[in-house]
Amino acid sequence: MRIDILSIFPGYFDIPINEGILKIARDKGLLIIKTIDIRDFTEDKHRQVDDYPYGGGPGMVMKPDPVFKAVESVLHEHPESWRQQARTVLLTPRGKQFDQSMAAEFAGEERIVLICGHYEGIDERVHQKVSDEVSIGDYVLSGGEPAALVFVDAITRLLKGVLGSAESLAEESFIEGLLEYPQYTRPALYEGMKVPDVLLSGDHAKIASWKRMESIRQTYKIRPDILKKASLSQAEKDFIKALNEQKDKGEGKDEQDRVV
Ligand code: ADE
């Protein structure tokens, strides 16, 4: 996969792309990442990338021309058929909310161009021209750079061959629509806190069933919204009913919070 990140702060990415998962993916030849300075595509001596908004209003707006020229500069080397397939992604708080399934979808692409916006916003014609607009959450960042990093990290770890163990992906949060079960490592007893006996039992079937139920319990406690979408067996639904009943007895519960 090749990803180009277009930004007015390309140095922002220097450390993250040379550490951890991004470094591993690059070293294995599974990912090529380039950062491009949008200012290199301005034509005035101040290298200005922003301008006043038409119609007035607070702050400045990012000009379309340097952005389009930067996109063109990274795509021009490709034949037209390939260029059509490249995903051009604008990171913006008004984009579609990024989640694990979107990460999986983008992990199947060959070519992604990320555009980091700044200032009060970016000219509307950039919004219109890109193939995708993505937000990483309902909050406003000072620019698209942190969002681009989140996007690239979540996608890179899904690229085939990047992570060592296939299991660590197969079992993890969100893939099955549940949060992860609690994890423990040595020692078995730490400052009075014990690892659950079942994990020390060596009984693989029991351990697998404990993990599944604990995943459900965590999801019930922390993200009941995603539990509603998970596919569950009858025994698992009964387990949730029991959790509901416990909660009803313990502290009383709003009907709308119930998950089954
Ligand atoms: N730029 C500013 N805020 C953002 C957000 N929440 N997601 C993506 N890009 C952004």
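Our subject in this report is the structure included herewith. (Residues numbered from 1 in each chain as written. Predicted model: local features only at pLDDT ≥ 70, side-chain atom pairs only at ≥ 80, totals over all residues. Heavy atoms only, no water.)

1. Regarding the overall build of the protein
Turning to step 1, where the next piece is worked out: Looking only at helices and strands, one finds 11 helices and 10 strands in the protein.
Turning to step 2, where the next piece is worked out: The C-alpha atoms of the protein give a radius of gyration of 23 Å, which is well past the 18 Å a tight globule of 260 residues would have.
Turning to step 3, where the next piece is worked out: Overall, the protein is about 70 × 45 × 40 Å in size when its C-alpha atoms are taken along their principal axes.
Turning to step 4, where the next piece is worked out: A buried classification covers 40% of the 260 residues belonging to the protein.
Turning to step 5, where the next piece is worked out: In the protein, 71% of the contacts between residues at least 6 apart in sequence involve partners at least 24 apart.
Turning to step 6, where the next piece is worked out: Accessible surface for the protein amounts to roughly 15300 Å². Of this, 52% is attributable to carbon and sulfur atoms.
Turning to step 7, where the next piece is worked out: For the protein, the distance from the average position of its 35 positive side-chain charges to the average position of its 44 negative side-chain charges is 3 Å. (Helix = DSSP H or I, 4+ residues; strand = E, 2+ residues; numbered from the N terminus. Rg over C-alpha atoms; globule rule 2.2 N^0.38 Å. Buried < 20%, exposed > 50% of the residue type's maximum accessible area, 1.4 Å probe, protein only. Contact = heavy atoms within 4.5 Å. Areas by Shrake-Rupley, 256 points an atom, 1.4 Å probe, with all protein chains shown as cover. Lys, Arg positive; Asp, Glu negative; His and termini not counted. Charge placed at Lys NZ, Arg CZ, Asp CG, Glu CD.)

2. Notes on the sheet that holds strand β2 (residues 32–37)
Turning to step 1, where the next piece is worked out: Reading across from one edge, β2-β1-β6-β5-β8 is the order of the five strands in this open sheet, with parallel pairing throughout. Lying at the two open borders of the sheet, with one neighbouring strand each, are β2 and β8 (132–135). On average, each strand axis in the sheet is tilted by 30° relative to the strand beside it, whichever way the strands run.
Turning to step 2, where the next piece is worked out: Pairing of strand β5 (residues 87–97) with strand β6 (residues 111–116) involves five bridges; the strand directions are parallel. Looking at β6, one finds that R87 is bridged to I112.
Turning to step 3, where the next piece is worked out: Contacts from helix α4 (residues 100–107) reach β5, β6 and β8, with the element oriented near 175° to β5. (Pairing = 2+ DSSP bridges. Axes fitted to C-alpha atoms, helices over the stretch in contact; angles between N-to-C directions.)

3. What about the nonpolar core?
Turning to step 1, where the next piece is worked out: Among the nonpolar cores identified, the biggest contains 32 residues, and I5, I112, L114 and F151 are the most heavily contacted of them.
Turning to step 2, where the next piece is worked out: Of all the elements in the fold, those that place two or more residues in this core are β1 (2–7), α1 (20–27), β5, α4, β6 and α6 (145–156).
Turning to step 3, where the next piece is worked out: For this core, the leading source of residues is α6, giving seven residues. (Core = buried A, V, L, I, M, F, W, Y, C linked by side-chain atoms within 4.5 Å.)

4. A word on the site of the ligand
Turning to step 1, where the next piece is worked out: As a matter of local geometry, the ligand sits amid L91, T92, P93, V134, S135, I136, G137, Y139, V140, L141, G143 and A147.
Turning to step 2, where the next piece is worked out: Residue G137 places a main-chain N or O atom 3.1 Å away from a nitrogen atom belonging to the ligand.
Turning to step 3, where the next piece is worked out: In isolation the ligand offers 260 Å² of accessible surface; the protein chains occlude 96% of this area.
Turning to step 4, where the next piece is worked out: For the shell around the ligand, the elements supplying multiple residues, two or more each, are β5 and β8.
Turning to step 5, where the next piece is worked out: By residue class, the composition of the shell around the ligand is eight nonpolar, four polar and no charged. (Near = heavy atom within 4 Å. Polar contact = N/O pair within 3.5 Å; in protein donor to acceptor, adjacent residues only side chain to side chain. Nonpolar A, V, L, I, M, F, W, Y, C, P; charged D, E, K, R; others polar.)

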